[in-house]
Amino acid sequence: MNNSRRVYSTEEGRISQPALPRAPAPAGPQAPNDGVVRIFRDRSGRNGKVVTVIRGLPARDLEARASDLKRLCGAGGAVKDGAVEIQGEHRERIAAHLRSLGYTVKLAGG
């Protein structure tokens, strides 16, 4: 068979081996664990909608504080990755409320 050539082979080719999966990057700014509650304003990945993110609250209080803050602001929200997210720009109102509850509050970010 002088006129034959290889048509298909599984030994080599242009397809490279798949890359190893990377660990997902943490979403949003990270706050140190120093007892200070930090309140961020975030728009990334939300089509321009503003969300107020509260980090640094004790883990045992997250659900109760989230429902309390949603009721205070009259807005929706959720608990994600150890942070409370409230829909809309409510940093000043949330900061005043948390200060009245005895937390040390810091407005972080822009």
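The paragraphs below set out a description of the structure included in this document. (Residues numbered from 1 in each chain as written. Predicted model: local features only at pLDDT ≥ 70, side-chain atom pairs only at ≥ 80, totals over all residues. Heavy atoms only, no water.)

**Points about the packing of helix H1 (residues 62–73) against helix H2 (residues 91–100)**
At a minimum axis separation of 11 Å, H1 and H2 run at an interaxial angle of 130°. Overall, the two elements H1 and H2 adopt an arrangement that is oblique. Helix-helix and strand crossings are classified by hand; for H1 and H2 the assignment is right-handed. Across the interface between the two elements, Arg65, Asp68, Leu69, Leu72 and Cys73 from H1 touch Arg93, Ile94, His97 and Leu98 from H2. Partitioned by chemical class, the residues of the contact of H1 with H2 number 5 nonpolar, 1 polar and 3 charged. (Axes fitted to C-alpha atoms, helices over the stretch in contact; angles between N-to-C directions. Helix = DSSP H or I, 4+ residues; strand = E, 2+ residues; numbered from the N terminus. Parallel < 35°, antiparallel > 145°, perpendicular 65-115°, else oblique. Left-handed = near helix turned anticlockwise from the far one by under 90°. Contact = heavy atoms within 4.5 Å. Nonpolar A, V, L, I, M, F, W, Y, C, P; charged D, E, K, R; others polar.)

**Brief notes about the pattern of salt bridges**
Side-chain pairs of opposite charge can arise where the charged atoms are in close proximity. Taken as a whole and judged by the stated rule, the model has 5 salt bridges. When the shortest N-O distance is used, the salt bridge between Arg46 and Glu85 registers 3.2 Å. Placement of the pair is Arg46 in the loop between strand E1 (36–42) and strand E2 (51–55) and Glu85 in strand E4 (residues 83–87), with a sequence separation of 39 residues. In this structure, the salt-bridge partner of Asp68 is Arg65, at a minimum N-O distance of 3.8 Å. Here the residue Asp68 and the residue Arg65 both occupy positions in helix H1, the gap between them amounting to 3 residues, near one helical turn. Shared partners join several salt bridges into a network, and the residues in it are Arg41, Glu89 and Arg91. (Salt bridge = Lys/Arg side-chain N within 4 Å of Asp/Glu carboxyl O.)

By themselves, these are just geometric observations and shouldn't be taken as functional.
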